[in-house]
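# Fold and geometry: a report
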Amino acid sequence: MDLQIDDFYKDCATGLLQLYQAFPRRIALYVEDLIGPSEPDEFGLPSKRHESCLGALLWLADEGYLRFDSTIHFEALDQATLTEKGFLRMSRALPGALDNPETLPPSILRVRASLAQQLREALRNADSERLVRLTRLIFENSANAVGDIV
């Protein structure tokens, strides 16, 4: 089983959520805030888990979901923010994400049905399979791909 791929999805989701919560401000996005503290190896280099999380964040930047000015050693991305692409994907409404949506006011419906809110709930409930499915939606180009994922 490729556990690093599950970690990749979680790292992408938590990193993008932190940026979404701060949007449009630029923030320092610390790896430790996403995965917790990790001890460096005997040579003082970051752990494999730490490197993987930073790698996921750099991959998100390479793919155009976020931008940043520089790295802070191996610890963080400095002055990070979502790109338009990242913001639009995170704020995308997921059809079928809510029971009885017709009973909610439009403003509540917009927030609760957003991909960002659904990711928060999957993380809060430690629902790793749902988290993977939702995170994959971030990487989908088409809004049509959303229907049967939630």
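Before reading further, recall that the structure is shown in the block above.
The present account deals with the structure reproduced in this document. Just so you know, the residues in each chain are numbered from 1, in the order the chain's sequence is written. Two thresholds apply to this predicted model, a pLDDT of at least 70 for residue-level local features and 80 or more for giving and counting side-chain atom pairs, whereas whole-chain, interface and lining totals are computed over all residues. Side-chain metrics rest on all non-hydrogen atoms present in the structure, leaving aside hydrogens and water.

## Considering the packing of aromatic side chains
Only the six-membered ring of Trp is used, alongside the rings of Phe and Tyr, when aromatic pairs are assigned; centres must lie within 6.5 Å, and planes under 30 degrees apart are stacked while those over 60 apart are edge-to-face, with the rest tilted. Inspection of every chain in the model, using the stated rule, returns seven aromatic pairs. Taking the centre distance of 4.5 Å and the plane angle of 15° together, the rings of Phe 23 and Phe 87 count as stacked. Residue Phe 23 is located in the loop between helix H1 (3–22) and strand S1 (27–30), and its partner Phe 87 is located in helix H4 (residues 84–91); the two are separated by 64 residues in the primary sequence. Any residue under 20% of the maximum accessible area for its type is buried, any over 50% is exposed, and the rest in between are partly exposed; the area is computed with a 1.4 Å probe on protein chains only. The class for Phe 87 is partly exposed, based on a relative accessible area of 28%. An aromatic cluster is built from Phe 8, Tyr 9, Trp 59, Tyr 65 and Phe 139, whose rings are joined through pairwise contacts. A ring is considered to have a charge above it if a Lys NZ or an Arg CZ atom is located within 6 Å of its centre and within 35 degrees of its normal. Seen from the ring of Tyr 65, Lys 85 lies directly overhead, with NZ or CZ sitting 4.3 Å from the centre. Numbered from the N terminus, helices here are DSSP runs of H or I no shorter than four residues, and strands are runs of E no shorter than two.

## Some details on the side chain of Ser 47
Residue position: Ser 47 is located in the loop between helix H2 (31–35) and helix H3 (48–62). Here, residues are in contact when the closest pair of their heavy atoms is within 4.5 Å. With sequence-adjacent residues up to four places away left out, Ser 47 is seen in contact with Ser 38, Glu 39 and Pro 40.

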